[in-house]
Amino acid sequence: WNRYGRWLYSVGQKNTIIRYITRWTRDSKSQLPQHMIIHPEVTEALSSHKPLVALETTIITHGMPYPDNIKTALSVEDVVRRNGVVPATIGIINGSIHIGLTRSELEYLADPKVSKLKVSRRDM
């Protein structure tokens with residue numbers, strides 16, 4: 001449980017983004033930056049205090065060859081869901097930080113024809 005009373009597990013540096021989103025959902029007066037897009041499933045999980053796991057996209061974009069990368073990403077999200085947790089795969093698409101990706105967004109990031117850069121917190 002985090003200090004806001006929500007169960008939180010994070011992989012890699014995504015913890016900072018999830019903490020920010022958790023604070024945003026707790027404080028209705030704050031505005032979400034326009035470069036952050038939260039999937040409705042993630043928003044619902046945060047507002048109803050459901051468990052949430054942040055997943056990186058590095059394995060999809062740089063770690064595995066296609067089509068193994070998309071199969072693995074979908075498989076991991078499926079395992080997370082079967083255990084009663086909402087997956088929040090985090091990636092940057094067209095300059096916006098997406099928290100929770102659709103299948104088509106995962107496929108876009110997995111596509112070997114799409115040019116991708118590895119981004120860390122210092123790059124943001």
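What you are looking at is a predicted structure, and each value in this text was computed from that prediction instead of being measured.

Focus: helix H2 (residues 40-47)
So, point 1. Three or more residues of H2 are buried, namely Val 42, Ala 45 and Leu 46. All buried residues of H2 fall inside an arc of 95° around its axis, so they share one side.
So, point 2. Backbone geometry just after H2 places His 49 at a positive phi near 60°.

Examining the pattern of salt bridges
So, point 1. Using the criterion set out here, one finds 5 salt bridges in the structure.
So, point 2. Across the salt bridge formed by Glu 77 and Arg 81, the nearest N and O atoms sit 3.6 Å from each other. Of the two residues, Glu 77 and Arg 81 are both situated in helix H4 (residues 68-82); the distance of 4 residues between them amounts to about one turn of the helix.
So, point 3. By relative accessible area, Arg 81 is classed as partly exposed at 39%.
So, point 4. Of the charged contacts in the structure, one is a salt bridge between Arg 103 and Glu 107, with a shortest N-O distance of 2.9 Å. Remark: Glu 107 and Arg 103 occur in helix H5 (residues 103-110); sequence separation between them is 4 residues, near one turn of the helix.
So, point 5. Through salt bridges with shared partners, a single ionic network connects Glu 41, Glu 77 and Arg 81.

What about the environment of Arg 103?
So, point 1. Taking the relative accessible area as the measure of exposure, Arg 103 reaches 53% and is therefore exposed.
So, point 2. Residues Arg 103 and Ala 73 lie 30 residues apart in sequence; the distance between their C-alpha atoms is 9.6 Å.

With respect to unusual backbone geometry
So, point 1. Following Tyr 66, the chain continues to Pro 67 via a peptide bond in cis, the omega torsion being 5°.
So, point 2. Position of Pro 67 among the secondary structure elements: in the loop between helix H3 (58-63) and H4.
So, point 3. Phi is positive for His 49, close to 60°, though the residue is something other than glycine.
So, point 4. Within the element layout of this structure, His 49 appears in the loop between H2 and strand E3 (52-55).

Examining the pairing of strand E5 (residues 96-99)
Sheet faces and side chains relate simply in a regular strand, where the side chains alternate between the two faces.
So, point 1. Covered by surrounding structure in E5 are Ser 96 and His 98 together with Ile 97 and Ile 99, the residues of both alternating faces.
So, point 2. Pairing of strand E2 (residues 36-38) with E5 involves 3 bridges; the strand directions are parallel. Note that in E5 the partner of Ile 37 across the bridge is His 98.
So, point 3. Pairing geometry for strand E4 (residues 86-93) and E5, over 4 bridges, is antiparallel. If you follow Ile 92 over to E5, its bridge partner there is Ile 97.
So, point 4. Taking the residues that link successive antiparallel strands as the turn, the E4-E5 hairpin has 2 residues, and the phi of Asn 94 there is positive, at about 50°.

Cut-offs used in this document
- Residues numbered from 1 in each chain as written.
- Predicted model: local features only at pLDDT ≥ 70, side-chain atom pairs only at ≥ 80, totals over all residues.
- Heavy atoms only, no water.
- Buried < 20%, exposed > 50% of the residue type's maximum accessible area, 1.4 Å probe, protein only.
- Helix = DSSP H or I, 4+ residues; strand = E, 2+ residues; numbered from the N terminus.
- Arc of directions from axis to C-beta.
- Salt bridge = Lys/Arg side-chain N within 4 Å of Asp/Glu carboxyl O.
- Pairing = 2+ DSSP bridges.

None of the figures reported here should be taken as evidence of function without further support.
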